Amino acid sequence: MTNCLLIGGGIIGLSLAYELSRRGLSVTVIEQGEWGGQASSAAAGMLAPLKEFQTVGPLLDLGMESLWLYPQWVAELEAATGGDVQLCLDGLLTVAMNDEEAEALWAKYCWQKAAGYHVRWLTGGEVLEVEPLLTAKAVAAIHSPQEGHINNRLLLGALVTACKKQGVKLVSGCVVTGLVQQAGSVTGAETTAGTFHADHTVITSGAWAGIMLNWLGISIPVCPVRGQIAAVSSAGIPLRTVVFGTTGYLTPKRDGRIIIGATEDEAGFQKDVTLGGLASVCSGVLPYVPSLQTAAFLEAWAGLRPATADGKPLLGPVPGWNGLSIAGGHFRNGILLSPVTAKRMADWIIKNRLEPLQPFAPGRFFAVS
Ligand SMILES: Cc1cc2nc3c(=O)[nH]c(=O)nc-3n(C[C@H](O)[C@H](O)[C@H](O)COP(=O)(O)OP(=O)(O)OC[C@H]3O[C@@H](n4cnc5c(N)ncnc54)[C@H](O)[C@@H]3O)c2cc1C
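Moving on to the overall build of the protein chain. Scanning the protein chain from terminus to terminus reveals ten helices and 19 strands. Within the span of the protein chain, comprising 369 residues, buried residues form 55% of the whole. For the protein chain, long-range pairs separated by at least 24 residues make up 74% of all intrachain contacts whose partners lie at least 6 apart in sequence. Per element, the accessible surface of the protein chain, about 14,600 Å² overall, is 53% carbon and sulfur. Between the centroid of the 25 positive side chains of the protein chain and the centroid of its 29 negative side chains there is a distance of 4 Å.

The strands making up a sheet associate through hydrogen bonds between their backbones, and the pairing can be parallel or antiparallel. Pairing within the open sheet is antiparallel, and its three strands lie in the order β9-β10-β11. Strands at the two margins of the open sheet, each flanked by one partner only, are β9 (176-182) and β11 (194-197). Neighbour to neighbour, the strand axes of the sheet diverge by 30 degrees on average, direction disregarded. Looking at chain direction, strand β10 (residues 185-191) and β11 are connected through four bridges and run antiparallel. Bridging from a neighbouring strand, E190 pairs with T195 of β11.

With that settled, consider the domain arrangement of the protein chain. For the protein chain, the assigned domains read domain 1 (3-79 + 152-221 + 309-365) and domain 2 (92-149 + 223-307). Taking the mean C-alpha position of each, domain 1 and domain 2 sit 27 Å from one another. In this assembly, 36 residues from domain 1 lie in contact with 35 residues from domain 2. In total, about 2,700 Å² of surface goes out of reach between domain 1 and domain 2, with carbon and sulfur atoms giving 62% of it. Area buried by domain 1 at its contact with domain 2 is led by M46, L50 and F331, which between them contribute 24% of it. At the boundary of domain 1 with domain 2, the tally comes to two salt bridges. In this structure, R332 engages E264 in a salt bridge whose closest nitrogen and oxygen atoms are separated by 2.5 Å. Across the contact surface, domain 1 and domain 2 share eleven residue pairs in polar contact (both at pLDDT 80 or more). For the side of domain 1 that touches domain 2, the secondary-structure elements that each account for two or more residues are α2 (39-42), β3 (46-47), α3 (49-52), α4 (58-81) and α7 (152-166). Among the residues making up the side of domain 1 that touches domain 2, the classes are represented as 21 nonpolar, ten polar and five charged.

Quick notes on the rules
- Residues numbered from 1 in each chain as written.
- Predicted model: local features only at pLDDT ≥ 70, side-chain atom pairs only at ≥ 80, totals over all residues.
- Heavy atoms only, no water.
- Helix = DSSP H or I, 4+ residues; strand = E, 2+ residues; numbered from the N terminus.
- Buried < 20%, exposed > 50% of the residue type's maximum accessible area, 1.4 Å probe, protein only.
- Contact = heavy atoms within 4.5 Å.
- Areas by Shrake-Rupley, 256 points an atom, 1.4 Å probe, with all protein chains shown as cover.
- Lys, Arg positive; Asp, Glu negative; His and termini not counted.
- Charge placed at Lys NZ, Arg CZ, Asp CG, Glu CD.
- Pairing = 2+ DSSP bridges.
- Axes fitted to C-alpha atoms, helices over the stretch in contact; angles between N-to-C directions.
- Domains from an automatic or database assignment.
- Buried area = accessible area lost by both parts, 1.4 Å probe.
- Salt bridge = Lys/Arg side-chain N within 4 Å of Asp/Glu carboxyl O.
- Polar contact = N/O pair within 3.5 Å; in protein donor to acceptor, adjacent residues only side chain to side chain.
- Nonpolar A, V, L, I, M, F, W, Y, C, P; charged D, E, K, R; others polar.

As structure tokens, this is what we get:
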């Protein structure tokens, strides 16, 4: 039986561990902190490929495939764990507040419609029919009825439970300090708890992935992009729909919170919430839903999105090294992309199926001499 070692226990590492173990592999995941304690629990949990990706192509295809995988994937996870991860695929609005924004949004609507995606163009009163709490200043919106959101923290909990049930070895509070190298192969990892050996090692360490590639002399920048984000109470503010605008977004959760976000700022590996960051998040969302003025503030936090130079994830084998792959660089969409990443990476590791991963091959950033 192939023995797999995954470095990093965020949404990507845990989803892949679950998938590989379901397909019969022996899997160990090493996490330096708490399961999902970095970007994956910081996220807003939106599942919104049509909002996020700006053109047709492999990235949008990947996002749409993942969105379609979600209901079945969640149903299986919930059946295996007995939990509810609050998946809501009941639509979202991308809103324009003036004619200039409406023009840009219309162009997006046109290519999405032409490509056959299920989107609707709404104006003035029609927008308010979908979301009555929106400001009457909204001039137009794209309504995308099949996108939505999930409670990513509950999803992480379910994945941990499911992995344990599947017999995945979960090692937390353990820092990977190096990769075991042997004549062009990687055969495991050095950690603060000793050496772990594996037939196949996968880097799933989010914003820290670039550091691990550096250990092998490979330079693929994976930059941490901080997202500062907050939650307010939905008491008295019955927001129904995810709302995106040019200055912020609002995601109503089934647990009584509305998540408001988020900054995109670069501060290295710092995860502080700054006063300026929080102010920009609050002032960014208030124009869309003015009744938020009275919302009770609950908490604010920050996470580090793993960004690549071309905005696409890194999926597949690390060229020049046998036994080593990477699943990282998911930037703003790691929650959305987790089921499809797990499926396609497992197809690579188990069935040697590389072709679907080609557009995301890590080798696009460097040549092996
Ligand atoms: C504010 C914010 C909002 C977001 N909203 C959304 C959203 O709405 N929808 C969406 O799809 N995505 C969203 N994202 C993006 C999403 O959160 C990320 O793309 C995703 O979480 C990346 O997952 P990951 O498992 O690769 O990284 P992480 O969750 O960061 O996991 C990597 C793990 O590796 C561990 N690690 C690192 N180095 C070591 C080491 N040396 N040894 C052991 N372990 C190590 C870390 O501790 C960490 O737990 C958001 C992100 C942020 C910050």
